[in-house]
Structures are given as structure tokens and as C-alpha cells.
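Working through the structure, step by step
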Amino acid sequence: MYKMMTPGPTQVKENVRLARAGECGNPDIDESFFDFYKETCELISRLLHTGNETLILGGEGILGLEAACASLTEPGDRVLVLDNGIFGEGFADFVSLYGGVPKKYTVDGKNPIDAGDLQEFLEKDHGFKYATLVHCDTPSGILNDIAVLCPLLKKYGILTVVDAVSSMFGEEVHVDGSQIDIVCGGSQKAVSAPPGLAFVTVSADAKKAMAGRKTPIASFYANLQVFEGYYEAKWFPYTMPISDIYGLRAALDNIAADTDMLARHAKIAAECRKSLTEAGLKLHLQSGFSNTVTVFDVPPGTAAQEILDVMRTEHNILLAGSFGSLSGKVIRIGHMGANANEKDMADTMEALWMTLKKLGVELR
Ligand SMILES: *Cc1c(COP(=O)(O)O)cnc(C)c1O
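This section reports on the structure supplied with the text. What you see is a predicted model, and the numbers here were worked out from it, not measured in a lab. (Residues numbered from 1 in each chain as written. Predicted model: local features only at pLDDT ≥ 70, side-chain atom pairs only at ≥ 80, totals over all residues. Heavy atoms only, no water.)

Looking at the pattern of salt bridges
A pair can form between side chains of opposite charge whenever their charged atoms are brought close. What counts, and what does not: Within this document, salt bridges are pairs made up of a side-chain nitrogen of Lys or Arg and a carboxyl oxygen of Asp or Glu, the two lying within 4 Å of each other. Secondary structure elements are taken from DSSP: a helix is a run of H or I of four residues or more, a strand is a run of E of two residues or more, and numbering for both begins at the N terminus. Using a 1.4 Å probe on the protein chains alone, a residue whose accessible area is under 20% of its type maximum counts as buried, one over 50% counts as exposed, and one in between counts as partly exposed.
Applying the stated rule across the entire model yields 22 salt bridges. Among the ionic pairs, Asp-77 bridges to Lys-129, the shortest N-O distance being 2.9 Å. Of this pair, Asp-77 sits in the loop between helix H3 (61-72) and strand E3 (78-83) while Lys-129 sits in the loop between helix H5 (115-124) and strand E5 (130-134), and the two are 52 residues apart along the sequence. In this structure Asp-77 comes out as buried when scored by relative accessible area, which is 16%. Each of Lys-3, Lys-343, Asp-344 and Asp-347 takes part in a single network of salt bridges with overlapping partners.

Have a look at this one:
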């Protein structure tokens, strides 16, 4: 097995893997599982600093994004899609699929979205039911300042859907402080559980928007409203993946016990950026570096795939390339969740220097 240093899926600790092996009751019938599910949801709400309800969905991280759009969008609704990255832009597809009219607000992908510029735009046009934005757009590693952008959007009466899948628990996500209506998370990034689960927190305003729809939500599986009253009714819309949720709970308990998590991510990320620049490599972004992933340009004369291959076959370390317009152009080091530890980072950087030297890259 190799050491995973990818920006998701991430390393999964043994206590999380073992928790998944616990005995399985019937999650549709066993009342104690409804308590376990609800308590796990409440733990997520607490870790994200919100009184809003959390729902865990049986599906990959993407399901949360789609469920938010499916549940809020009615045909003809205008939706503001804040786009400075691949996931940011991708929200437009979900909006269109459910009949909405996406309006992309596109800025260059090397800097975070500027609140002043956005405000100028909103002064002229703010007739949107909701806005989508990405906290850390993982393919480039850009971090948008949701603590400033979401309250600004809210001021114009626009609901916010935030994809924080690859930022939360490595970067501060304060849902209530930032007035986020729906925040989307996944099990396989900084949470450091295996892939397979999405979760969302849903505000009272978002619930009101769903309840006030004139048309039915055009999905069952991606419908957040079907969970309404599940606990009282002891009824889930579909059978919950009980073992996945056992694992998620153990991973969240790890996070709750880890008082130093955000500071550790900040330190490791800063060290990583510093070593890369000092070695003469070029960070992909100009500003807005997420503490969960570092992205650097493939040095001239080498290819991304070569670097990845040597890292994996000779050093047993898995790094990631990227996709979309960044495919082949950058290398990503994922230092989020369980990956974010000094030992693995030191091994990774040392292996990276050896790899680049072997490929003929001159380092400073
Ligand atoms: C990983 C990730 C997701 C979820 O995507 P999957 O394909 O389900 O892993 C969503 N948004 C962002 C920003 C991500 O990094």
C-alpha cells in the first residue's frame, strides 16, 4: 500500500476502519440507530458551529451539492454561480438540470473572489433566489472567504449554498457566523473517513424556501425535504448505509478530540508552500491558499504523470494531478485531515525533491 497524500480521498485511521466493522442492526427499524444518526448529525452541527439541522446523505460528496440545488431550484429561478474554479463553475450544471437559470459570476482562478467587486455587481443585479460558492476549490486549491462573501449575499436577500467539502475541519467553517444557508460536506476529505457519504446543514431560511415552492422537487434521492420529521416518524427515505455512518462517527469523534487541528493545518500548509518556493518551484495560485491542499505548476521539461509515477513507484507516495483545464499542468499535495501530520509531510517533501532531481529539475 502507498501513503496517500492526495486532496481526497485521504488517509483513514485504524479506529475509523474498525468502527465500520461494528455489528449491523437494521437501520430502517432499529430505533437506536435513529438516535445514533441524529446524534452524529448534531455532532456535525456542533463542529460547524451551527444550530441548523444536519442531514447525512447516503452518497458521495457530490450528492450534497446536487441535493442543495435540486431542493432549492424551481423552473425559471435565477441563481448566481460564483465561479473561480472547476467546482465553482460546475454548480451551473446542477442549477440548469433542475430548470434554474444560472448566472455565472466568473473571476480569474488564481485569486479569491473579491467582496468589493462582488458588492459592485450585486448593487446592479441581485435578483437571485440563491448563490452557490465553493470554499476551497480543490483542483486549484483556491480558498474563498465565505465569512465575508456569505453575509454580503445574505444582505441582498440571496440564500447561500457553500461547497466546503475539501475545506471543513482544515479551515474554519462557522456556519452561523457566516450565515450560510446550506453547507455541503463529504466523508472523504479532511473528515478522513472512506468515500461514500455526504452531509448538509440546512438553515431555517432554506427550509422556508423549500416549503414555499410552487412546484415539487424534481428528485426523490436528492430531495432534502423528504427528511422532514424523519426522527419523530422513525422513517428514513431510503435505507441508511449503517457501516459508513459508524465510520463517519468515529472520524468525527477524532476531530472533536483534536483541539489543535486548524492550527496544525495552517502550520503544515505554510511550511509546504515555503519549501516549494524556496526550492524554486512555482505555486499555482497568486493568493488565497487553502491550508488543506497545495498546488504547484509542473516544472518545465517534466510531465505531471512522470512526477506522479516516480513518487508512487519509487517512494510509495500518492500525490494527485488535477483535471479539467488544469489537467497535466499542476501537482497537488493534499495535506488535509489525517494526511496533515509532520512525519508524512516530511517524507513527502523529501521524496518530491528526489523525484524532481531524478527527472532533471534543478532545485535551488
Ligand atoms: C471532493 C470534492 C467534492 C465531492 O466530489 P466527489 O467526486 O464526490 O469526491 C465536491 N466539492 C469539492 C470542492 C471537492 O473537493
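Concerning the site of the ligand
Selection rule: Near residues are defined by distance, with any heavy atom within 4 Å of the molecule or strand qualifying the residue. Polar contacts, as counted here, are pairs of nitrogen or oxygen atoms within 3.5 Å of one another; within protein the pair requires one atom able to donate a hydrogen and one able to accept it, and residues that are adjacent in sequence qualify only if both atoms are side-chain atoms. Accessible surface area values rest on a Shrake-Rupley calculation with a 1.4 Å probe, where residue burial reflects the displayed protein chains alone. In this classification, Asp, Glu, Lys and Arg are treated as charged, Ala, Val, Leu, Ile, Met, Phe, Trp, Tyr, Cys and Pro as nonpolar, and every other residue, Gly included, as polar.
Every residue lining the ligand is accounted for by Glu-60, Gly-61, Ile-62, Phe-87, Cys-136, Thr-138, Asp-163, Val-165, Ser-166, Gln-188 and Lys-189. Separating an oxygen atom of the ligand from a side-chain N or O atom of Thr-138 is a distance of 2.3 Å. Isolated, the ligand exposes 380 Å² of accessible area, and the fraction of that covered by the protein chains is 83%. Taken together, the residues that form the shell around the ligand break down as four nonpolar, four polar and three charged.

So, the pairing of strand E9 (residues 182-186)
Here is the rule we go by: Following DSSP output, two strands are said to pair if at least two bridges run between them.
With five of five residues buried, E9 lies mostly within the body of the structure. Going residue by residue along E9, you find Ile-182, Cys-184 and Gly-186 tucked away on one face and Val-183 and Gly-185 tucked away on the opposite face as well. Relative to E9, strand E8 (residues 159-163) runs parallel, the two being bridged by three bridges. The residue of E9 that forms the bridge with Asp-163 is Cys-184.

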